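# Working through the structure, step by step
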Amino acid sequence: MNIFISNEIKEKVPCTKLIVFKYSVVPEETSSSLWKFMDETIIPAVKLQLETTNVTELKNVSSSRKAYKAFGKDPGRYRVSSEALIRRIKQGKDLYKINTVVDTNNLISVESGFSVGSYDAGQINGDITLKLGQAGESYKGIGKDSVNIENLPVLCDNDGPFGSPTSDSEKAMITLNSRDIITLIYVFADDENITALMEKSEQYIKKYTGAENVDKFIVD
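Examined against the element boundaries, T166 turns out to sit in the loop between β8 (160–163) and β9 (180–188). Within polar-contact distance, the side chain of T166 engages the side chain of Y68 at 2.7 Å. With sequence-adjacent residues up to four places away left out, T166 is seen in contact with Y68, Y78, R79, V80, S81, K144 and L152.

Structure follows, in structure tokens:
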């Protein structure tokens, strides 16, 4: 399975990159050590930032919103998932607890400010390309009704679109039965230390999901 970024995406936002992790894992319902880290370290750090900075002005949230505008999508109506998670923290709401893979995915997203997506590789047909959704295209989001993906950066396989930095479809969602995982960090910034982000994210994935056979690389 290869992963690509379409020319249309690169023309509109040349700095677009994907940090990719492929790994094997047996997801569990929760990780007490992950949530201890979230509750005692990550969430307090985010709240401290938000005392002086608006959510939309956080560095990597801001760059992702600018990318959406360049793609022709309203970032206020179709928020990147990192912004949505951080807004929950600002509102004093609990973050969702899904399973160890998705929760680690969200940990990376909240800390970095970039949207992160995790997908069941066993449900993906062929290569993956990040491209722009076409007019009239939509899919059923996880826990949501139909998501309008026109002008949204979307992951597509041979069967069509299945994921985006805003909301993923049910096609490749992670369940406790998933075994082979692809986790992507959607990077819409030029000045990010990609190597450091990749290394820290790999540490989280190994520590909190028990991932094995981790392969990591950058698509740009």
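Further notes follow.
Our next topic: helix α3 (residues 59–71). Taking 1.5 Å as the rise per residue, α3 with 13 residues should run 18 Å; its terminal C-alpha atoms sit 19 Å apart, in good agreement. When α3 is considered as a whole, its buried residues turn out to be N60, V61, S62, S63, S64, R65, A67, Y68 and F71. G72 occupies a position one or two residues after α3 and carries a positive phi of about 95 degrees.

Taken as a whole and assessed by the stated rule, the structure comprises 11 salt bridges. As a salt-bridge pair, K17 and D190 come within 3.9 Å of each other at their nearest N and O atoms. Placement of K17 in strand β2 (residues 16–24) and of D190 in the loop between β9 and α6 (194–209) is noted, with a sequence separation of 173 residues between them. The partner of E202 in a salt bridge is K206, and the shortest N-O contact between them spans 3.2 Å. You can see E202 and its partner K206 sitting in helix α6, four residues apart, about one turn around the helix. Residue classification places K206 among the partly exposed residues on the basis of a relative accessible area of 42%. Through salt bridges with shared partners, one network takes in R65, R79, E83 and R87.

Calculation rules
Residues numbered from 1 in each chain as written. Predicted model: local features only at pLDDT ≥ 70, side-chain atom pairs only at ≥ 80, totals over all residues. Heavy atoms only, no water. Helix = DSSP H or I, 4+ residues; strand = E, 2+ residues; numbered from the N terminus. Polar contact = N/O pair within 3.5 Å; in protein donor to acceptor, adjacent residues only side chain to side chain. Contact = heavy atoms within 4.5 Å. Expected span 1.5 Å × (residues − 1). Buried < 20%, exposed > 50% of the residue type's maximum accessible area, 1.4 Å probe, protein only. Salt bridge = Lys/Arg side-chain N within 4 Å of Asp/Glu carboxyl O.

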